[in-house]
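What follows is the residue order along each chain.
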Amino acid sequence: MSAFRALRQLTASSSRAVARPAARSAPLRLATVQLAPRASMTAARAFSVSACRFSEGSTDVVLAQKLAEELKYEKEAIAEAPAEPEFLKTFKEQGIWEIQDVTGNDEVTLVRKFGNETIRLMFSIADIQNAEEEPEYEQEEGEGGEDQPLHSYPIRASFSITKGNAKGSINIDTMCQEGAFIIDNMSYYPDAQLGTELTAEADWKRRGLYIGPQFDTLDVSVQEEIEKWVQERGINDNLATFIPEYSEFKEQKEYVRWLDNVKNFVDA
């Protein structure tokens, strides 16, 4: 019974009580006192039901079902695949790079030692979400020709190189695509902390510094020597192949985690 109907009944009962003879006024007052708590209880109960209904959207159930279906599909696909892909197992067995991957973050860091140098590589899995598929006519033109790389979309990768016996750091911004690194620029920071920190303050300070020329504007012989210097430190085609593979592997895990979190929130 709604609060409005309860109020109408209460009003009607009171009106009927006033219209009756005065001789029965005392019992009627007692009846009126008894009716008031019942009307209040009915109104309170009706309000609680309305509040419960307003806290749940009409689309919650359908959305939760769709999320559950997608989550089930993705988990079944993961269950069929090995817990650790072969490419990841091989990469770890080489023992060159250490993978620093925090669950819930879209950035991945690889770290290695090279003599007295510490090399850090950072890339983001968000880049593979922004990659656009090639038009169908371009794929048709490529049929019958050379095999295209499995992962042809670009992923930005940034390297920082520091030395234990020297100040400063060298940072190299690259684009990882089609199994190779394409260097955009190579910069030097006199403060190693400034060159490696990922804070907003450090980023603001770096914006005012000269970061060096565009790589492709350097003399060709200088470009070639820098590329040799970089490759000697393990920044090579094998690493360029690993980055997109690991990006897809991590993105899949994060997507399943996202589905689970959103579904649990909608169900709550």
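Residues numbered from 1 in each chain as written. Predicted model: local features only at pLDDT ≥ 70, side-chain atom pairs only at ≥ 80, totals over all residues. Heavy atoms only, no water.

**Re the overall build of the protein**
(1) Moving on: For the protein, the helix and strand inventory stands at 10 helices and six strands.
(2) Moving on: The buried share of the protein, reckoned over its 268 residues, is 28%.
(3) Moving on: Across the protein, every contact between residues at least 6 apart in sequence was considered, and the portion connecting residues at least 24 apart equals 59%. (Helix = DSSP H or I, 4+ residues; strand = E, 2+ residues; numbered from the N terminus. Buried < 20%, exposed > 50% of the residue type's maximum accessible area, 1.4 Å probe, protein only. Contact = heavy atoms within 4.5 Å.)

**Describing the pairing of strand β4 (residues 155-163)**
(1) Moving on: Here β4 lies mainly inside the structure; seven of its nine residues are buried.
(2) Moving on: For strand β3 (residues 117-124) and β4, the ladder comprises seven bridges, and the chain directions are antiparallel. Looking at the pairing, M122 lines up with S158 of β4.
(3) Moving on: Bridge count for β4 against strand β5 (residues 169-177) is eight bridges, and the pairing is antiparallel. Residue pairing for β5: S158 is matched across the bridge by D173.
(4) Moving on: Following β4, the chain reverses through five residues before pairing antiparallel with β5; G168 in that reversal takes a positive phi of roughly 85 degrees. (Pairing = 2+ DSSP bridges.)

**Focus on the packing of aromatic side chains**
(1) Moving on: One pass over the full model with this rule turns up seven aromatic pairs.
(2) Moving on: Judged by centre distance (5.8 Å) and plane angle (55 degrees), the rings of F87 and F242 are tilted. Linking F87 in helix α4 (residues 86-94) with F242 in helix α10 (residues 237-267), this pair joins segments that are 155 residues apart in sequence.
(3) Moving on: Overall, F242 belongs to the buried group, its relative accessible area being 3%.
(4) Moving on: Three or more aromatic residues joined by ring pairs form one cluster here, namely F87, F91, F242, Y246 and F249.
(5) Moving on: Above the face of the W97 ring, R112 is positioned so that its terminal group lies 5.8 Å from the ring centre. (Phe/Tyr/Trp six-rings, centres within 6.5 Å; stacked < 30°, edge-to-face > 60°. Lys NZ or Arg CZ within 6 Å of the ring centre and 35° of its normal.)

**Here we look at the nonpolar core**
(1) Moving on: By size, the foremost hydrophobic cluster in this structure holds 28 residues, and its most contacted members are L110, L121, F123, F159, F181, L239 and I243.
(2) Moving on: In terms of residue count, α10 provides more of this core than any other element does, six residues in total.
(3) Moving on: Core analysis: the next-biggest nonpolar cluster, separate from the first, contains six residues, L67, L71, V256 and V266 among them. (Core = buried A, V, L, I, M, F, W, Y, C linked by side-chain atoms within 4.5 Å.)

**Considerations on unusual backbone geometry**
What is expected of a backbone is that most residues other than glycine have negative phi and most peptide bonds are trans.
(1) Moving on: A positive phi angle, close to 55 degrees, is found at E178, a residue other than glycine.
(2) Moving on: Mapped onto the secondary structure, E178 falls in the loop between β5 and β6 (180-189).

**Quick word on the confidence of the model for the protein**
Detailed reading of the predicted coordinates is not advisable wherever pLDDT is low.
(1) Moving on: Taken as a whole, the protein shows an average pLDDT of 77; of its residues, 68% reach a score of 70 or greater.
(2) Moving on: Low pLDDT (under 50) marks residues 1-54, which in the prediction has 15 contacts with non-local residues, meaning those over four places away or in another chain.
(3) Moving on: Taken together, the stretch residues 133-145 has pLDDT below 50 and engages in two contacts with residues farther than four places along the chain or on a different chain. (pLDDT = per-residue confidence, 0-100.)

**Let's talk about the sheet that holds β5**
(1) Moving on: On the basis of which strands lie adjacent, the open sheet formed by six strands has the order β1-β2-β3-β4-β5-β6 and antiparallel pairing. Both edges of this open sheet fall to β1 (98-101) and β6, since each of them pairs with a single strand only. When strand polarity is set aside, the average angle formed by the axes of neighbouring strands in this sheet is 20 degrees. (Axes fitted to C-alpha atoms, helices over the stretch in contact; angles between N-to-C directions.)

**Some points on the packing of α4 against α10**
(1) Moving on: The N-to-C vectors of α4 and α10 enclose an angle of 130 degrees; their axes lie 10 Å apart at closest approach. Compared by their axis directions, α4 and α10 come out oblique. Read as a crossing pair, α4 and α10 show a hand that is left-handed. In this structure, α4 uses F87, L88 and F91 to contact α10, whose residues at the interface are L239, F242, E245, Y246 and F249.
(2) Moving on: For the contact of α4 with α10, the residue count by class is seven nonpolar, no polar and one charged. (Parallel < 35°, antiparallel > 145°, perpendicular 65-115°, else oblique. Left-handed = near helix turned anticlockwise from the far one by under 90°. Nonpolar A, V, L, I, M, F, W, Y, C, P; charged D, E, K, R; others polar.)

**Quick notes on the pattern of salt bridges**
(1) Moving on: All told, the structure shown has nine salt bridges when counted by the stated rule.
(2) Moving on: The shortest N-O distance in the salt bridge between E232 and R233 comes to 3.8 Å.
(3) Moving on: By relative accessible area, which is 55% here, E232 ends up exposed.
(4) Moving on: For R233, a relative accessible area of 6% translates into the label buried.
(5) Moving on: Between D267 and K263 there is a salt bridge, with its nearest N and O atoms 2.8 Å apart. (Salt bridge = Lys/Arg side-chain N within 4 Å of Asp/Glu carboxyl O.)

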